[in-house]
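Breakdown of the fold
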Amino acid sequence: MSDDAAMAAMGLPTGFRDRSIEAEALPDALHTIAISQEQAGAKLAKHIATVVVGWSRNAAAAAVKEGHIRVNGEQSGANQVLQSGDSVTVHAAPPVAS
């Protein structure tokens, strides 16, 4: 019996994805950014738009939500405040401008 089937049999919600499995499926990072003491305090999406060519704040926010931009290997929110020593990885190319 699958996990979803077992959960459904118990009357529990189904369809949740295991984020640890998603992390394994990510392509190699295209950019890895070490956050310095001077950069600490910046919000994630805005920082990506500032330091990585081709990314807008809105596109970076969408990529964060989809899990393509991570902080210390973990999925976070676009407004996460970065700390000195954080490692930000970008696992996708910026969207093509239309």
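Residues numbered from 1 in each chain as written. Predicted model: local features only at pLDDT ≥ 70, side-chain atom pairs only at ≥ 80, totals over all residues. Heavy atoms only, no water.

Overview of the overall build of the protein chain
- Within the protein chain one finds four helices and three strands.
- In the protein chain, the succession of α and β elements from N to C terminus is α-α-β-α-α-β-β.
- Relative to its 98 residues, the protein chain shows a buried fraction of 27%.
- The contacts in the protein chain between residues at least 6 apart in sequence include a share of 55% that link residues at least 24 apart.
- In the structure as shown, the protein chain presents an accessible area of about 6500 Å², 53% of it carried by carbon and sulfur atoms. (Helix = DSSP H or I, 4+ residues; strand = E, 2+ residues; numbered from the N terminus. Buried < 20%, exposed > 50% of the residue type's maximum accessible area, 1.4 Å probe, protein only. Contact = heavy atoms within 4.5 Å. Areas by Shrake-Rupley, 256 points an atom, 1.4 Å probe, with all protein chains shown as cover.)

Quick look at the nonpolar core
- In this structure, Leu44, Ile48, Trp55, Ile69 and Val88 are the most contacted members of the largest nonpolar core, which totals 17 residues.
- Listed by contribution, the elements that provide at least two residues to this core are α3 (44-51), α4 (57-65), β2 (69-71) and β3 (87-90).
- Among the elements that make up this core, the one with the highest residue count is α4 (four residues).
- Apart from residues no more than four positions distant in its own chain, Trp55 is found in contact with Ile48, Ala49, Ala60, Ala63, Val90, Ala92, Ala93, Pro94 and Pro95. (Core = buried A, V, L, I, M, F, W, Y, C linked by side-chain atoms within 4.5 Å.)

Some details on the side chain of His47
- Among the secondary structure elements, His47 is positioned in helix α3.
- A residue is classified by how much of its surface remains accessible, and His47, at 7% relative accessible area, is buried.
- Not counting residues up to four positions away in its chain, the partners in contact with His47 are Ile33, Ile35, Gln39, Ala42 and Leu82.

A short note on α4
- Listed in full, the buried residues belonging to α4 are Ala59, Ala60, Ala63 and Val64. Around the axis of α4, the buried residues are gathered within 140° of arc, so they sit on the same side. Away from its buried face by more than 90 degrees, α4 exposes Arg57, Asn58 and Lys65.
- Elements in contact with the buried residues of α4: α3 and β2.
- One or two residues past the end of α4 sits Gly67, with phi positive at roughly 90°. (Arc of directions from axis to C-beta.)

Some points on the sheet that holds β2
- Here we have three strands laid out as an open sheet, ordered β1-β3-β2, and antiparallel in their pairing. Each edge of the open sheet carries a strand with a single partner, namely β1 (31-34) and β2. Each adjacent strand pair in this sheet contributes to an overall mean axis angle of 15°, direction not counted.
- By the bridge criterion, four bridges tie β1 to β3 in an arrangement that is antiparallel. In the strand pairing of β3, His31 is matched with Val90. (Pairing = 2+ DSSP bridges. Axes fitted to C-alpha atoms, helices over the stretch in contact; angles between N-to-C directions.)

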